[in-house]
Every structure is written in C-alpha cells, then in structure tokens.
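What the coordinates show
Okay, here's what each chain looks like letter by letter:
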Amino acid sequence: MRHIFRVLNPIKFLFVILLTGLSFNNFAALDKQLLRQLDIQRGLFADSYQSFEVDDQPIIYLLEENTTAITRGVAVMVADSGIPIAGQEGFATLAKELNKIGWVTILLPAPDAGFLPILEPESIADNDPTTASTTPLDNKTTTETQLGAQSSATTPININKMAVTTIDDQAFIKHEQQLVSLLQAVIEKSKEYPGFFLVISKGTSAAWLSKIYAEKQLGTPDAFVAISPYWPDRKHNQRLPQWIASTPMPVLDLYSNSDNGWAKNTVSQREITAVKSLKLQYRQRELLGFNLNKQQNAYISKEIYGWVSHMGW
C-alpha cells in the first residue's frame, strides 16, 4: 500500500505542474492591451490619466496641458509599439518639454503589432523531413552528401537571406485599423483646445501613420513628426519613403545614429524621394550627440519648435 502511495505522489505532482502550465498559457493569452492598461492604473494616480471608448474598449491616455499663457495647439504622441506611454523610453519626457513651449500633449498607447519570423521556402524544404528522398542512396551519393554538409558547415551563413522577417497580413490590417480608430477618437478630444493639430510618432507607429495619411484614411493634421520610422519587414520598409513623400501635410523626419538597421536603411531614400516628389515643408534632421533620454527629448523639442516657427506657427 505504501508503495502505491509513493507512486501516486509523483503523479499528482506532475499533474499539478501540468495544470499550472495550462493556467499560465491561458493567462498569457489575455489581451495585451488590457494588461498594459492595468499596469498604467497601478503605476499612476487615478486623476493623472483619462480614457475614452474605441471600438467598445476603454483606452487609457495621458493628457497634460501647456504651462504657458498662449496655447499653440494639441500634440498627439504615439510611441513605438510595445512601449508604455508613461515610461521614460516613450514620450513622457518629450511631452513635458512640449508643455513648456505651449503644446497640450496627449500620449496614446500604440496597438500591438504582429511580427512573425519566417524562413525562406528553400530553407523550409531543406529542413522538412517529409520533403527528403526516401530512396536508398549509394555510397557515392552518401559521400557527396557528407562532403557537402561539411563544406556548408564551414561556409559563412548569409544571415540577411535566411533571417527573413515578415508581418502577418491579418495582423498588419488589424493594427492599421486600430490605429485609425485611435486617432479618430483623439481628434474629437483635441477639438476642446484651440490651435494647431500636431501628430508625433516613432518607430513602427510612425511608419504606419505615414501609410495611413498617404492613403488619406484619416483627416490630415497640420503637421506630422516621424521619428526613426521603420517596419521590420523588407517589403513594407522599402515602400516607406514613397508613403512619407505622398503625405499631404508638412513632415519633420528625424533620425539618429542609434536607430536600428531597418530605420537606417531608408534614411537617405526618404529624403531623396521627398525631393523628387517636390514635397513642400519636408525637413529631415539628424539628432546628434545625445544618447541620454532627457537631453535627446529636449533636443527634439527644439527641433520641433524651430520647424513650426519656420512655417509661421
């Protein structure tokens, strides 16, 4: 009898671990947007954030009014996907700098993006056992195969060819629709304040908004600031310069040496395409020598101030 209990106890233990793992997977499958909102609610006082309904879902945003006598307008800010709106890596510090020069700032959370890494078709075929030949090989073929395997092991791997990253088509469309709904809701909120309507975005959010405004899916803002725009996908990233050049509003295109490879790959082409398209009020500027968050955001606010002042705002 004791032997039976000794056998059952490990089984029960393994069963509990299995249930725990299933519960964790279910928890991980919850809406990431909801979890992010709960993080904001735990980290901020209830009177420091606001919310509105977007597609029957509450969206939390941060609104700070200008600290000057005259209001320049509303600056809507959307950071890169996955960046918390209240975090220092987002636009929280830049918002404070813009408040000092007359802007009402609204910080919005970016939708979740669906980025899926895939392999080249030939790589999948090589690794798929179902595609391998089942016929016996003679000694000569076997030897050649072994020699080929040895030579391929010593040959440098073309990472750019094999590490192909793509964006799932359904996730791409869903992300775009969510971003459009988010901006439509904030446009109504911005009407409560006088002045210009400025949109500032970074990373994948800047890339998506460039496409959205180029295709006229949203009402045109008075100006658009794109900071290090990119998509981690070659097909979409190559079309980014044309989308930026096709936007109907003035664009301030900012980049820095600390940008990732996807953003750096289109820097020169973004400017060339804008010039060829005879785009008015396009300015590209490099953020120089500032790696610290506070100093860089102060520099960005001065770039924005100089640009809008040049346009007569």
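Preceding block: the structure.
Predicted model, so just to flag it, every value in this text is computed and none were measured. Residue positions are given per chain, counted from 1 along the sequence in the order it is written. Residues qualify for local features only when their pLDDT is at least 70, as the model is predicted, and side-chain atom pairs are given and counted only at 80 or more; totals for whole chains, interfaces and linings, by contrast, use all residues. Side-chain figures throughout are based on the complete set of non-hydrogen atoms in the structure, without hydrogens or water.

1. A short note on the side chain of Ser 201
A run of H or I in DSSP counts as a helix once it spans at least four residues, and a run of E counts as a strand once it spans at least two, with each numbered from the N terminus. In this fold, Ser 201 is placed in strand β7 (residues 196-202). For this analysis, residues touch if any pair of their heavy atoms sits within 4.5 Å. Once you skip the residues sitting within four places of it in the chain, Ser 201 turns out to touch Val 78, Phe 91, Ala 206, Leu 209, Phe 224, Val 225, Ala 226 and Ile 227.

2. Remarks on the environment of Lys 216
The residue Lys 216 is located in the loop between α8 (204-214) and β8 (223-227) in this model. Residues Lys 216 and Ser 246 lie 30 residues apart in sequence; the distance between their C-alpha atoms is 9.8 Å.

3. With respect to the sheet that holds strand β3 (residues 73-78)
An order of β1-β2-β4-β3-β7-β8-β9-β10 is seen for the eight strands of this open sheet, with the pairing classed as mixed. If you trace the sheet from one side to the other, it starts and ends with β1 (50-54) and β10 (282-287), each paired once. Mean inter-strand twist for the sheet, computed between neighbouring axes without regard to direction, equals 25°. Two strands form a pair only when DSSP identifies at least two bridges running between them. Inspection of the sheet shows β3 paired to strand β4 (residues 103-108) by six bridges, in the parallel sense. The partner of Val 76 across the bridge, within β4, is Ile 106. Set on the sheet, helix α3 (residues 92-100) makes contact with β2 (57-64), β3, β4 and β7; between it and β4 the angle comes to about 165°. Note on geometry: axes are C-alpha line fits, over the in-contact stretch for helices, and angles between N-to-C directions span 0 to 180 degrees.

4. Side note on the nonpolar core
We define the nonpolar core as a collection of buried residues of types Ala, Val, Leu, Ile, Met, Phe, Trp, Tyr and Cys that are connected through side-chain atoms lying within 4.5 Å of one another. The buried label applies to any residue whose accessible area, calculated with a 1.4 Å probe on protein chains only, is under 20% of its type's maximum; exposed applies above 50%, and partly exposed to all values in between. By size, the foremost hydrophobic cluster in this structure holds 41 residues, and its most contacted members are Leu 108 and Leu 183. Leave out the neighbours within four places in its chain, and Leu 108 touches Phe 52, Tyr 61, Val 76, Met 77, Val 78, Ala 79, Ile 85, Leu 182 and Val 186. Judged by nonpolar contacts, the second largest core, of 27 residues, contains Met 77, Leu 98, Trp 307 and Val 308.

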